[in-house]
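Examination of the molecular architecture
The primary structure of each chain is shown beneath.
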Amino acid sequence: MPMEKTMMFIVCSTLVLLLCSAPAYAQKGKSPPSPPISITPTPAPAPAPAAEHVNLTELLSVAGPFHTFLDYLVSTKVIETLQNQANDTEEGLTLFVPKDKAFSSLKTPSLSNLTADQLKSLCLFHALPHYYSLSDFKNLSQASPIMTLAGGTYTLNFTDNSGTVLVGSGWTNTKVSSSVRSTDPVAIYQVDKVLLPEAIFGTDIPPMPAPAPSPDIVAPSADAPVADGGHAPSQPTSTPSSSYRIMSFSAWSCLVLILSGGMALFL
């Protein structure tokens with residue numbers, strides 16, 4: 001009996017020890033928790049810079065002077081069409097602007113007789129619905145004629161002459177004399193003359209004025225006085241002509257005959 005109690009005590013003690021040590025072993029075998037992973041948010045890409053808004057009225061007011069051409073653009077409201085083409089399209093704009101002197105020197109034909117629609121077409125005739133740099137005109141010369149914003153038969157011809165851009169409209173042949181602006185999407189070039197379309201003024205183009213004749217050079221005459229200290233040109237000495245010799249011989253023959261007849265009377 002005491003032996004059984006002793007065995008019971010030993011078994012119970014062993015179970016208690018096992019139960020108490022189990023959590024400790026479990027905690028000892030478990031790995032420490034990993035530190036929290038911090039996730040850095042990726043910044044959103046910066047928005048693309050807004051395209052520069054080109055104010056054509058401001059540009060033409062400062063440069064030039066292009067006041068006459070700008071007045072035509074404003075009065076016909078073509079300036080609004082050009083602004084939309086420059087800022088609201090992917091193609092851009094190329095504009096040819098004559099200086100005030102080009103309009104004041106325009107005598108024939110006159111722009112005062114044009115209708116409102118014709119004047120509007122004339123203004124649109126100075127614009128191309130695409131941006132062209134100066135280097136692009138070399139290819140345009142091979143693709144001429146080029147359509148303008150006026151559409152239809154309102155076309156321009158371009159020629160690249162060793163870097164000089166020549167513009168032809170039928171009535172007008174001029175050149176690009178300077179660049180006012182040449183940054184995509186807007187190019188503005190100054191031209192020496194107003195571009196006059198055949199679609200308005202017809203094909204009866206007046207001929208170019210003939211060049212003034214050069215002054216005649218009058219050669220000095222032989223009898224003209226010479227400068228002081230100079231010598232008059234020597235004249236060649238002429239010999240007696242044959243007719244003079246014949247006349248002298250005839251006179252002597254007559255004289256000899258008269259003397260001979262007188263002597264015969266005395267004999």
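Summarised in this report is the structure supplied together with it. This one's a predicted model, so the numbers in the text were calculated from it and none came from an experiment.

1. Quick notes on the overall build of the protein
Each helix and strand in the protein was counted, giving nine helices and seven strands. The burial tally for the protein puts 25% of its 267 residues in the buried class. Counting only contacts in the protein whose residues sit at least 6 apart along the sequence, the fraction spanning at least 24 positions is 63%. For the protein, the exposed surface amounts to about 19300 Å²; the carbon and sulfur share of it is 62%.

2. Brief notes about the packing of helix α3 (residues 67-75) against helix α4 (residues 78-87)
The contact between α3 and α4 brings their axes to 5 Å, and the two run at 90 degrees. Considering the angle they form, α3 stands roughly perpendicular to α4. Of the residues in α4, those in contact with Leu70, Leu73 and Val74 of α3 are Val78, Ile79 and Leu82.

3. Digging into the packing of aromatic side chains
All told, the structure shown has ten aromatic pairs when counted by the stated rule. Taking the centre distance of 5.7 Å and the plane angle of 35 degrees together, the rings of Phe96 and Phe158 count as tilted. Here Phe96 is found in strand β1 (residues 93-98), whereas its partner Phe158 is found in strand β4 (residues 155-161), with 62 residues between them in sequence. Comparing Phe96 with Phe158 shows no difference in burial state: the two are buried.

4. As for the sheet that holds strand β5 (residues 164-168)
Strands sit in the order β2-β1-β7-β6-β5-β4-β3 across an open sheet of seven strands; the sheet is mixed. The open sheet has two edge strands with one neighbour each: β2 (127-128) and β3 (146-147). Bridge count between β1 and β2: two bridges; the pairing is antiparallel. Counterpart to Thr94 in the pairing with β2 is Leu128.

5. Digging into α3
Among the residues of α3, Phe69, Leu70 and Leu73 are the ones counted as buried. On an axial view of α3, the arc spanned by its buried residues comes to 100 degrees, and they lie on one face. Exposed positions of α3 whose direction lies more than 90 degrees from the buried face are Asp71 and Ser75. Looking at the buried positions of α3, the neighbouring elements they touch are α2 (56-62), α4, β1, α5 (100-104) and α6 (116-124).

6. Some words on the pairing of strand β7 (residues 186-191)
Here β7 lies mainly inside the structure; six of its six residues are buried. Alternating positions in β7 separate into two faces, Val186, Ile188 and Gln190 on one and Ala187, Tyr189 and Val191 on the other, with burial throughout. Where β1 lies against β7, six bridges are found, and the strand directions are parallel. In the sheet register, Pro98 faces β7, and the bridge partner there is Val191. In terms of strand pairing, strand β6 (residues 173-183) meets β7 through six bridges, oriented antiparallel. Paired with Ser178 across the bridge in β7 is Gln190.

Definitions and limits used
Just so you know, the residues in each chain are numbered from 1, in the order the chain's sequence is written. Residue-level local features of this predicted model are given only where pLDDT is at least 70; pairs of side-chain atoms are given and counted only at 80 or more, and the full residue set underlies all totals for whole chains, interfaces and linings. Based on all heavy atoms of the structure, the side-chain values leave hydrogens and waters out of the count. Secondary structure is summarised from DSSP: a helix means a run of H or I of at least four residues, a strand means a run of E of at least two, and numbering begins at the N terminus for each. Under the scheme applied here, a residue whose accessible area is under 20% of the maximum for its type counts as buried, over 50% as exposed, and between as partly exposed, the area being computed with a 1.4 Å probe on protein chains only. Two residues qualify as a contact provided that any one of their heavy atoms is within 4.5 Å of a heavy atom in the partner residue. What sets the accessible areas is the Shrake-Rupley method with a 1.4 Å probe; for residues, cover comes only from the shown protein chains. Under this scheme, a helix contributes an axis fitted over its contacting stretch, all axes are lines through C-alpha atoms, and angles between N-to-C directions fall in the 0 to 180 degree range. What sets the label is the angle itself: under 35 degrees gives roughly parallel, over 145 gives roughly antiparallel, 65 to 115 gives roughly perpendicular, and the rest give oblique. Here a pair means two rings of Phe, Tyr or Trp (six-membered ring of Trp) with centres within 6.5 Å. Their orientation is stacked below 30 degrees between planes, edge-to-face above 60, and tilted elsewhere. Strand pairing is assigned whenever DSSP identifies at least 2 bridges connecting the two strands. In this description, one arc is meant: the one made by directions from the helix axis to the C-beta atoms.

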